[in-house]
Each structure stands twice: as structure tokens, then as C-alpha cells.
Amino acid sequence: APMTRARCDQLESVSRTMIRSQDALGDRDESKDWLGFRPTLPDAIPVIGPSVRHPRIFYSFGHQHVGWTLGGISAYMIEEMARPLLSTTRQSGTAPALPASTADLVS
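Model, not experiment: these values are computed from the prediction.

Enquirer: Please clarify how a nonpolar patch on the surface should be interpreted in this entry.
Expert: Where nonpolar side chains cluster on the molecular surface, the patch consists of V14, M18, I19 and L25 and spans about 370 Å² of accessible area. With three residues, helix 1 (residues 5-19) is the single largest residue contributor to the nonpolar patch. Within the secondary structure, V14 sits in helix 1. Overall, V14 belongs to the partly exposed group, its relative accessible area being 42%.

Enquirer: Could you clarify how one ought to interpret the pattern of salt bridges in this entry?
Expert: It is possible for side chains bearing opposite charge to pair when their charged atoms get close. A full pass over the atoms with the stated rule returns eight salt bridges. Salt-bridge contacts for D9 lead to R28; the nearest nitrogen and oxygen are separated by 2.8 Å. Here the residue D9 occupies a position in helix 1, and R28 occupies one in the loop between helix 2 (22-25) and strand 1 (47-50), the gap between them amounting to 19 residues. Accessibility expressed as a relative area gives 31% for D9, which makes it partly exposed.

Criteria and cut-off values
- Residues numbered from 1 in each chain as written.
- Predicted model: local features only at pLDDT ≥ 70, side-chain atom pairs only at ≥ 80, totals over all residues.
- Heavy atoms only, no water.
- Patch = residues over 30% accessible without salt bridge, like charges linked within 9 Å, V, L, I, M, F, W, Y side chains within 5 Å.
- Areas by Shrake-Rupley, 256 points an atom, 1.4 Å probe, with all protein chains shown as cover.
- Salt bridge = Lys/Arg side-chain N within 4 Å of Asp/Glu carboxyl O.
- Helix = DSSP H or I, 4+ residues; strand = E, 2+ residues; numbered from the N terminus.
- Buried < 20%, exposed > 50% of the residue type's maximum accessible area, 1.4 Å probe, protein only.

In C-alpha cells form, the structure reads like this:
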């Protein structure tokens, strides 16, 4: 369905109710209202794996309407794929290092 002002108003209302802090969201700029489509593929099989261009970036999308159900399984799969990268970039016994910026993810 196309975006309508009523739909955006509804989403704003629900968001403000859930967050319970008007200050956290600030004022809405209606000129920036936007609704996108869920990433999906014709065969309904999700994309799970490393980027072709940047093998240290992993994708996990296209789960259709079972994203909450498959989220944990997908996270486990990504962790298994990323484990070799972690073991070569940190010393044994230390916590994983978080990148200082997104540039660190692709360098």
C-alpha cells in the first residue's frame, strides 16, 4: 500500500506511546516521512553471509514474515561465519574489539 499521512500519523503515535518520552523523539518533520519495503527475494530464501565486496561485513535479511522466528538462528550462522575473522584479529583470552568507526569494518 502506498504511504499515506494517516499511516505516518499512526506510526508516530504508536512510537511515542512505546518510547514514553516526547523529548527522545523530538518534533516530526513531515517533509521527511518515508516508508520503505521489506527486503525480500523472489524465492523467499534469506540472504545470510558475507558481502562480496567487504568480506568482514555480514548480511542477514529477507526473512519475510518470520524474521523474529529466524533471527536467533541467523545470528548463530553469522557468528559461525565470523568466528575465523575474530580469531585472527584478537589475542587469545581477550574480549572482541569493537570497531571505532564503520571505516574499521571495511579496512
